[in-house]
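Take a look at the letters that make up each chain.
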Amino acid sequence: MSGVSVTKGPEGAVPATTDLVVLSNVNKHFGALHVLQDIDLTIERGEVVVVIGPSGSGKSTLCRTINRLETIDSGSITIDGRPLPDEGRALARLRADVGMVFQSFNLFAHKTVLENVMLGQLKVRRTDKKTAEEKARGLLDRVGVGSQADKYPAQLSGGQQQRVAIARALAMNPKVMLFDEPTSALDPEMINEVLEVMQQLARDGMTMVVVTHEMGFARSAANRVVFMADGRIVEEATPEEFFSNPRSERAKDFLSKILHH
Amino acid sequence: MFDFLEGYDLLGAFWVTLQLTLLSALFSLVWGTVLAGMRVGPVPLMRGFATAYVNIVRNTPLTVIIVFTALGLADVYGVTLGAGDFDSQYFRLAVFGLSAYTAAFVCEALRSGINTVPLGQAEAARAIGLSFTQVLTLIVLPQAFRSVVGPLANVLIALTKNTTVAAAIGVAEAALLMKEMIENEAQLVLIAAVFAFGFVVLTMPTGLLLGWVGKRVAVKR
């Protein structure tokens, strides 16, 4: 569980067994705005970490730095013991191991749902077509959109598109999944179908970093809640602790605004 | 009424025009796409080169470029582009000049198409581990092309008409034949009308067909 210090394995090339994603002393600026300030965060294998906080607190940026869609100014990020490489082949390989789900789905608009889920397998993993298609259809069934395989993204509802996006990420067999506000662009009645898929993933032991405003999901699926404000991690706790007894004033203020109305 | 056409190879001349158009369209499409890739790419040297190329070439009169291919490339530097005789050498030089010129416009049309592809498409492609070249060729360019079929049709129509400049270096296409007929025959207005009609026959279907294609392949978002 979080908070418990982890005994490192023997020195050498073998990465520590439990720490999957380690951010240490990460800083980033957007011009004058110091959007990430001295961020230290360790995500263990199999852990579900939910990042919450007010708009502009840097939580999306934090999520995007983990697969280097945003670069950082200082500090270090390692995934499975390896530091994030610079732009190039090595980074592309690493990104293949890090699944990402976006707020705006970003399904490839000119490809069918099935092609969306097969593309990475074919072009990055070099899987043969038959295996890739089988896997894609299996994943689409798993997220409940198997019958939509031959449609184009624009023909699907938001919730369906987001579930396809999750299948597309899962098709790469990622070590960790990043969710950047996956339900924020959805109509209310579609939020649950996406959250259920995410809950199932969490139960299956996937390592997940989830930036969200869904407090219900944070309560039920998270091992740990990370509360960010003004570019800093203000508080880290189990969901029970955080929601019933937040320690910082900033978190109390945030929770009072979102929970009582 | 059309007696004056006798003794002239009108179809042959337009056939050369068509060949100039199709070959130049092909080469300029390829070269223009490469230039567009360079302009949006991560390598500063390539970006600089492509930007300089586009700005120099599209701002130079086509006549200057075509005449340069003949007087400069052919006569000064002895470039033959693998041709055995003068006719095919100058034809190839004309294709070279037209392609080099048109590529600048293809590049800019395509670049505006690239700008219509939402940033998230490229981000999602990078996030599943595709390389820059794969992101460009598998995700961004296919969508960009679909959104610029209309503008590319304009470029192609302009190219068809621009092939007349090849007459300046003696390529036996439609405009050269027109010049010859105007010197020898009396029906000046009719001659002009015949050639104008010939070009409309070539370009009108291009516009209509590509307009239809553009609607068919448009990416729905």
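In the annotation of an unreviewed UniProt entry, chain B is listed under the name ABC transporter permease subunit and assigned to Streptomyces pacificus. Per UniProt, chain B carries the Sequence similarities (unreviewed entry) text "Belongs to the binding-protein-dependent transport system permease family. HisMQ subfamily."

As named in an unreviewed UniProt entry, chain A is ABC-type polar-amino-acid transporter, taken from Streptomyces pacificus. Under the UniProt heading Catalytic activity (unreviewed entry), the entry covering chain A gives this text: "a polar amino acid(out) + ATP + H2O = a polar amino acid(in) + ADP + phosphate + H(+)". Database annotation for chain A, UniProt heading Sequence similarities (unreviewed entry): "Belongs to the ABC transporter superfamily."

(A) Structural view of the sheet that holds strand β10 (residues 232-237) of chain A. Residue and element names in this part refer to chain A. The six strands lie next to each other as β6-β7-β8-β3-β9-β10, forming an open sheet whose pairing is mixed. Strand pairing shows two members of the sheet lacking a second neighbour, β6 (98-101) and β10, which therefore form its edges. Strand-to-strand twist across the sheet, computed as the mean angle between neighbouring axes with direction ignored, equals 20°. Running at roughly 170° to β6, helix α5 (residues 158-170) makes contact with β6 and β7 (176-180) of the sheet.

(B) Geometry of the UniProt feature "transmembrane region" (unreviewed entry) in chain B. All names here are of chain B. As recorded in UniProt, the sites labelled "transmembrane region" (unreviewed entry) are residues 12-35, 56-77, 89-107, 127-145, 151-176 and 188-213. This span, residues 12-35, is 100% helix and 0% strand, and a straight line between its end C-alpha atoms measures 34 Å. With 58% helix and 0% strand, the stretch residues 151-176 has end C-alpha atoms that lie 28 Å from each other.

(C) Inspection of the pattern of salt bridges at higher detail. Applying the stated criterion across every chain yields a total of 24 salt bridges over all chains. Connected via shared salt-bridge partners are Arg45, Asp80, Asp97, Arg125 and Lys175 of chain A.

(D) Structural detail: the UniProt feature "domain: ABC transmembrane type-1" (unreviewed entry) in chain B. Per the UniProt entry, the sites bearing "domain: ABC transmembrane type-1" (unreviewed entry) are residues 14-210 of chain B in this numbering. Within residues 14-210 of chain B, the helical portion is 81% and the strand portion 0%, while the C-alpha atoms at the span's ends are 21 Å from each other.

(E) Main features of a positive patch on the surface. Taken together, the side chains of Arg89, Arg93, Lys123 and Arg126 of chain A make up a positively charged region of the molecular surface. With respect to the helices and strands, the residue Arg89 of chain A is situated in helix α2 (residues 89-96).

(F) The arrangement of the packing of aromatic side chains in detail. All names here are of chain B. In the structure shown here, the tally under the stated rule is nine aromatic pairs over all chains. Ring geometry for Phe49 versus Tyr53: centroids 6.2 Å apart, planes at 40°, classification tilted. Placement of both Phe49 and Tyr53 in helix α2 (residues 44-58) is noted, with a separation of four residues, approximately one turn of the helix. Judged by its relative accessible area of 15%, Tyr53 falls in the buried class.

(G) Representation of the interface of chain B and chain A. Listed per partner, the contact involves 20 residues of chain B and 26 residues of chain A. Across the chain B to chain A interface the summed buried area is about 1900 Å²; carbon plus sulfur atoms make up 62%. The tally of links from chain B across to chain A stands at one salt bridge. Close ionic contact of Glu123 of chain B with Arg64 of chain A constitutes a salt bridge, the shortest N to O distance being 2.6 Å. Elements with a minimum of two residues in the side of chain B that touches chain A: α5 (119-127) and α6 (132-147) of chain B. For the side of chain B that touches chain A, the element with the highest residue contribution is α5 of chain B, accounting for seven residues. Looking at the side of chain B that touches chain A residue by residue, the class counts come to nine nonpolar, six polar and five charged.

The rules behind each value
- Residues numbered from 1 in each chain as written.
- Chains lettered and ligands numbered in written order.
- Predicted model: local features only at pLDDT ≥ 70, side-chain atom pairs only at ≥ 80, totals over all residues.
- Heavy atoms only, no water.
- UniProt positions renumbered as here; feature names shortened; annotations may be inferred.
- Pairing = 2+ DSSP bridges.
- Helix = DSSP H or I, 4+ residues; strand = E, 2+ residues; numbered from the N terminus.
- Axes fitted to C-alpha atoms, helices over the stretch in contact; angles between N-to-C directions.
- Contact = heavy atoms within 4.5 Å.
- Salt bridge = Lys/Arg side-chain N within 4 Å of Asp/Glu carboxyl O.
- Patch = residues over 30% accessible without salt bridge, like charges linked within 9 Å, V, L, I, M, F, W, Y side chains within 5 Å.
- Areas by Shrake-Rupley, 256 points an atom, 1.4 Å probe, with all protein chains shown as cover.
- Lys, Arg positive; Asp, Glu negative; His and termini not counted.
- Charge placed at Lys NZ, Arg CZ, Asp CG, Glu CD.
- Phe/Tyr/Trp six-rings, centres within 6.5 Å; stacked < 30°, edge-to-face > 60°.
- Buried < 20%, exposed > 50% of the residue type's maximum accessible area, 1.4 Å probe, protein only.
- Buried area = accessible area lost by both parts, 1.4 Å probe.
- Nonpolar A, V, L, I, M, F, W, Y, C, P; charged D, E, K, R; others polar.

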